[in-house]
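Spelled out, the chains give:
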Amino acid sequence: MKELTKAEEQLMQYLWKMEKAFLKDIVAEYPDPKPAYTTVSTVVNVLVKKGFIAFNTYGKAREYFPSIKKASYTRQTFKSILKNFFNDSPSQFASFFTKENDFSLEELQEMQELIALKIKRQQSK
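Residues numbered from 1 in each chain as written. Predicted model: local features only at pLDDT ≥ 70, side-chain atom pairs only at ≥ 80, totals over all residues. Heavy atoms only, no water.

1. Thoughts on helix α6 (residues 105-123)
Threshold: Only DSSP runs of H or I with at least four residues qualify as helices, and only runs of E with at least two residues qualify as strands; both kinds are numbered from the N terminus onward. By definition here, a helix of n residues has an expected span of 1.5 Å times n minus one. Three labels apply to residues, based on accessible area from a 1.4 Å probe with only protein chains included: buried if under 20% of the type maximum, exposed if over 50%, partly exposed otherwise in between.
Between its terminal C-alpha atoms α6 stretches 27 Å, which fits the 27 Å expected from 19 residues at 1.5 Å a residue. Within α6, only zero of the 19 residues are buried, leaving the element largely exposed.

Have a look at this one:
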């Protein structure tokens, strides 16, 4: 899966949220000052070529929809970050993640519970 630029990822976030939309609807999602219609159109066309977006045509109008699920893109991006920044080591990531963020006790306990649940599931396999 190809990586997205910041502009492409921002557009994909809007489209994942909307599920399907015409170009004018995508432009409307941007905060003010909104980018030019042609700029958004260019990003959409790049995403179509990259295979992230598909469309249905109704006359001259195109209704766009994501062809990649957000969860798939998130998983692939995380794997890339883990590989490129943490030597493919989940423990290095966890160490960085907990040291560099100011989590509350409740947040840490919630993460601990999620990890404990995952461990239980792995052990029962």
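2. Here's the deal with the nonpolar core
Convention followed: Working definition of a nonpolar core: buried Ala, Val, Leu, Ile, Met, Phe, Trp, Tyr and Cys residues. They are joined through side-chain atoms within 4.5 Å. Whether two residues are in contact is decided by their heavy atoms: any pair within 4.5 Å suffices.
Counting 20 residues, the largest nonpolar core has L11, I26, V40 and L47 as the members making the most contacts within it. It is helix α1 (residues 6-18) that provides the largest number of residues to this core, a total of five residues. Leaving out residues up to four positions away in the same chain, I26 has contacts with L11, L15, M18, A21, V40, V44 and Y64.

3. Re the packing of helix α4 (residues 70-86) against helix α5 (residues 90-99)
Using the following cut-off: Whenever a helix is involved, its axis is fitted only over the stretch in contact; in every case the axis is a line through C-alpha atoms, and angles between N-to-C directions fall within 0 to 180 degrees. The cut-offs work like this: below 35 degrees is roughly parallel, past 145 is roughly antiparallel, 65 to 115 is roughly perpendicular, and the gaps in between are oblique. Throughout, the ten residues Ala, Val, Leu, Ile, Met, Phe, Trp, Tyr, Cys and Pro are labelled nonpolar, Asp, Glu, Lys and Arg are labelled charged, and all others, Gly among them, are labelled polar.
Closest axis-to-axis distance for the α4/α5 pair is 9 Å, and the angle between their directions is 90 degrees. Taken together, the axis directions place α4 and α5 in an arrangement best described as roughly perpendicular. Contacts between α4 and α5 involve F78, L82 and F86 from the first element and P90, Q92, F93 and F96 from the second. For the contact of α4 with α5, the per-class residue count stands at six nonpolar, one polar and no charged.

4. Examining the packing of α1 against helix α3 (residues 37-50)
Running from amino to carboxyl end, α1 crosses α3 at an angle of 90 degrees, the nearest separation of the two axes being 10 Å. Relative to α3, α1 is oriented roughly perpendicular. Mapping the contact onto sequence places A7, E8, L11 and M12 in α1 and V40, V43, V44, V46, L47 and K50 in α3. Partitioned by chemical class, the residues of the contact of α1 with α3 number eight nonpolar, no polar and two charged.

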